[in-house]
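Working through the structure, step by step
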Amino acid sequence: MQLVFDSLTGNVRRLVGRVARQVGGVAVLDLRRDRPEGDFLLLTYTFHRGAVPDSTRAFLARHSHRLLGVVASGSYHWGEHFARAADLIAEEYHVPVVAKVNKSGTDADVARIARWVQNRQKLASPFPLPPFPEDLWNPGSN
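Everything quoted here is computed from the prediction, not taken from an experiment. (Residues numbered from 1 in each chain as written. Predicted model: local features only at pLDDT ≥ 70, side-chain atom pairs only at ≥ 80, totals over all residues. Heavy atoms only, no water.)

It is worth spelling out the overall build of the protein at this point. If you tally the helices and strands in the protein, you get four helices and five strands. Listing each helix as α and each strand as β along the protein from the N terminus yields β-α-β-β-α-β-α-β-α. Counting only residues that meet the buried cut, the protein has 47% of its 142 residues in that class. In the protein, the proportion of contacts linking residues at least 24 apart, taken out of those at least 6 apart, comes to 71%. Roughly 7700 Å² of accessible area belongs to the protein as shown, and the carbon and sulfur atoms make up 52% of that amount. (Helix = DSSP H or I, 4+ residues; strand = E, 2+ residues; numbered from the N terminus. Buried < 20%, exposed > 50% of the residue type's maximum accessible area, 1.4 Å probe, protein only. Contact = heavy atoms within 4.5 Å. Areas by Shrake-Rupley, 256 points an atom, 1.4 Å probe, with all protein chains shown as cover.)

See below:
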């Protein structure tokens, strides 16, 4: 599995780097310049009031067939639009929301995302797997 990211301010770039260090041995690709060679987890940001960035949309138009899940960054000050890109992508491409994180995420966010990646690596299968109950994102007690 690969980690594919889109970052505007650097928050998602920092997040994906932390996840990759925790998981170890996983490729990290910038969707603006790299192409995935296999299945991937998408980490992106939410633009303005809950929109999916155009760069992310263009990437998914070409590579969504390998998308396994989505993580979105946002800022709590957007209220109901917080990290909404994850919800929009998950609904459109029928994948789970792995996490919604405030800015570059907390250590708990990184651990949750890393655990999801590790579970998928262990259970690599040519057949779609149902989400693990603990993989369904919820707002928790941030």
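Attention now moves to the packing of aromatic side chains. Counting across every chain of the model gives two aromatic pairs. The interplanar angle of 70° and the centroid separation of 5.5 Å between the aromatic rings of Phe-40 and Phe-59 together place this pair among those described as edge-to-face. With a gap of 19 residues between them, Phe-40 in strand S3 (residues 40-45) and Phe-59 in helix H2 (residues 54-63) connect regions that are remote in the sequence. Overall, Phe-59 belongs to the buried group, its relative accessible area being 1%. Judged by centre distance (4.7 Å) and plane angle (45°), the ring pair of Tyr-76 and Phe-82 falls under tilted. Using a relative accessible area of 40% as the deciding quantity, one classes Tyr-76 as partly exposed. (Phe/Tyr/Trp six-rings, centres within 6.5 Å; stacked < 30°, edge-to-face > 60°.)

What follows covers the environment of Val-4. The residue Val-4 is located in strand S1 (residues 2-5) in this model. Classification of Val-4 by relative accessible area gives buried; the value is 1%. Taking the C-alpha atoms as reference, Val-4 lies 8.3 Å from Ala-27; in sequence the two are 23 residues apart. Here Val-4 is in contact with Leu-29, Leu-31, Pro-36, Phe-40, Leu-41, Leu-42, Leu-43 and Phe-59, once residues within four sequence places are set aside.

An α-helical segment advances 3.6 residues per turn. Residues three or four places apart therefore align on the same side. Among all positions in H2, only Thr-56, Phe-59, Leu-60 and His-63 are buried. Viewed along the axis of H2, the buried residues span an arc of 100°, placing them on a single side of the element. Of the exposed residues in H2, those oriented more than 90 degrees away from the buried face are Asp-54, Ala-61 and Arg-62. Where the residues of H2 are buried, they touch S1, S3, strand S4 (67-74) and helix H3 (84-93). (Arc of directions from axis to C-beta.)

Treat this as a map of the structure, not an account of what it does.
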